[in-house]
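One letter stands for each residue in the lines below.
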Amino acid sequence: MKNLKILFFISFFNIIAKSEVGYGTFPLKGNDCIQAIEHAIKLGYRIIDSATRYGNLDAIGTAIAKFNRNDLFIISKVWPDSYAPEALRKDLFATLEKLKTGYLDNYLLHWPYSKVAIEPTLHEMQELKTQGLIRTIGLSNPTVNHMKRALQCGVKIDYVQIEMHPEFCDFQLLKFCNKNSIRVQAWAPLGVGRLSRDPFLLNIGKKYNKTAAQVALRWIVQHNCIPLPASKNVAHMQENIDIENFALSKQEMNLINRKARSGKRQRFTFKDPVEFADEFDFSFEECWPIK
Ligand SMILES: NC(=O)c1ccc[n+]([C@@H]2O[C@H](COP(=O)([O-])OP(=O)(O)OC[C@H]3O[C@@H](n4cnc5c(N)ncnc54)[C@H](OP(=O)(O)O)[C@@H]3O)[C@@H](O)[C@H]2O)c1
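Residues numbered from 1 in each chain as written. Predicted model: local features only at pLDDT ≥ 70, side-chain atom pairs only at ≥ 80, totals over all residues.

A.B. asks: Sorry if this is basic, but what is going on with the site of the ligand here?
C.D. replies: Around the ligand sit 26 residues, and of these Gly 24, Gly 193, Ser 196, Ala 230 and Ser 231 come closest. For the shell around the ligand, the element with the highest residue contribution is helix α10 (residues 234-241), accounting for three residues. Of the residues belonging to the shell around the ligand, the class tally is 10 nonpolar, 13 polar and three charged. (Near = placed C-beta within 6 Å. Helix = DSSP H or I, 4+ residues; strand = E, 2+ residues; numbered from the N terminus. Nonpolar A, V, L, I, M, F, W, Y, C, P; charged D, E, K, R; others polar.)

Put into structure tokens, the structure is as follows:
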């Protein structure tokens, strides 16, 4: 009986722990996307990340309709061309319609964008939250300066989503988020796949019989952040969620931190498909115009 209780506790713990690894859906579309998400949910993923920009909300809606909505945590992001309050509301309504759901668990501004004032945008998000259409509010790709400016608006920010992996981490922002009770979601947690072949991570993983990808994801989870790995390969999906039964030592965490501290983030210029330059280097005053 005692053994049964322990077994139940371990299985329950695993379900909770697995739910802390999210599933990234870019660049999946159409049937590939529907099938991949069905697999992911069956394997134990509960957090699904998407965005208007990914063009896959319809497919995600079809996939999640087969499961209990209350078990899932659905994230979407609005693109900067819809930050004006009316456009933002329109984007959310279109998002909910495509996802065939009545609410989003988390709605984020996809990129900081200095050409639209932040106050009216965040107040509109707050209104959508009050109406129960979104459960939490987030900013994607901010720096500490963006966060300081956003928090001045008096709207609770629940999440940030940032590039984070063993080759790059903005530790200053991580510290700021911890201090302000903001949870961090990590995009490109495997460095867009290249870290699965990283000799340094492979070597750490040997001790635990884990892969380099699992070490990278575990490092993120031990920072109390939520990794959002993307994969259309079922074996990789399984591998990426099986990270709950080992723990990196303090020394290993510090070694990976050192590697991440010395790395460089992905940068965007007007030539890139995002069609605007990133604003990571903006000062506090440059971040967003005063209303
Ligand atoms: N907020 C933002 O601005 C932003 C920006 C970029 C991405 N995102 C989000 O973050 C998610 C993840 O980012 P990402 O797709 O750029 O990078 P990623 O998750 O670091 O890498 C995805 C790549 O890694 C490969 N992979 C996955 N698991 C693997 C494993 N266990 N072993 C070997 N290879 C593996 C995948 O190939 P296979 O399919 O073959 O497994 C895929 O090519 C996106 O899907 C999106 O939801 C957000």
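A.B. asks: Would you explain the environment of Phe 282 in this entry?
C.D. replies: With respect to the secondary-structure elements, Phe 282 resides in the loop between α11 (250-262) and α12 (284-287). Here Phe 282 falls in the partly exposed class, since 16 other C-beta atoms lie within 10 Å of it. A sequence separation of 108 residues divides Phe 282 from Leu 174, and the C-alpha atoms of the two residues are 18 Å apart. (Buried ≥ 20, exposed ≤ 12 C-beta atoms within 10 Å, placed from the backbone.)

A.B. asks: Would you mind going over helix α9 (residues 212-222) with me for this structure?
C.D. replies: Structural remark: α-helix, 3.6 residues per turn; residues separated by three or four positions point the same way. In terms of residue burial, α9 counts as a mostly covered element, since nine of its 11 residues are buried. Inspection of α9 places Ala 212, Ala 213, Gln 214, Val 215, Ala 216, Leu 217, Arg 218, Trp 219 and Ile 220 among the buried residues, and these make up the whole buried set. Buried residues belonging to α9 abut β7 (183-187), α8 (199-206), β8 (226-227), α10 and α11. Immediately downstream of α9, the backbone of Asn 224 shows phi near 65°, a positive value. (Contact = placed C-beta atoms within 7 Å.)

A.B. asks: What is the right way to read the sheet that holds strand β3 (residues 73-78) from this model?
C.D. replies: Each strand in a sheet pairs with its neighbour through backbone hydrogen bonds, running either in the same direction (parallel) or in the opposite one (antiparallel). As summarised here, the arrangement of the eight strands in space is β1-β2-β3-β4-β5-β6-β7-β8, forming an open sheet in which the pairing is parallel. Strands at the two margins of the open sheet, each flanked by one partner only, are β1 (22-24) and β8. Bridge analysis of β7 against β8 gives two bridges, and the strand direction is parallel. Residue Gln 185 lies in a different strand from β8, and its bridge partner there is Ile 226. (Pairing = 2+ DSSP bridges.)

A.B. asks: Looking at this structure, how should I read the packing of helix α4 (residues 85-99) against helix α5 (residues 118-130)?
C.D. replies: For any two helices packed against each other, one specifies the inter-axial angle together with the distance between the axes. Two elements in contact, α4 and α5, have axes whose closest approach is 9 Å; the angle formed by their N-to-C orientations is 40°. Considering their axes alone, α4 and α5 lie oblique with respect to each other. In this structure, the crossing between α4 and α5 has a hand that is right-handed. Between α4, through Pro 85, Leu 88, Arg 89 and Leu 92, and α5, the contact on the second element is made entirely by Pro 120, Thr 121, Glu 124 and Leu 128. Here the residues of the contact of α4 with α5 sort into five nonpolar, one polar and two charged. (Axes fitted to C-alpha atoms, helices over the stretch in contact; angles between N-to-C directions. Parallel < 35°, antiparallel > 145°, perpendicular 65-115°, else oblique. Left-handed = near helix turned anticlockwise from the far one by under 90°.)

Distances and angles like these do not, on their own, reveal function.
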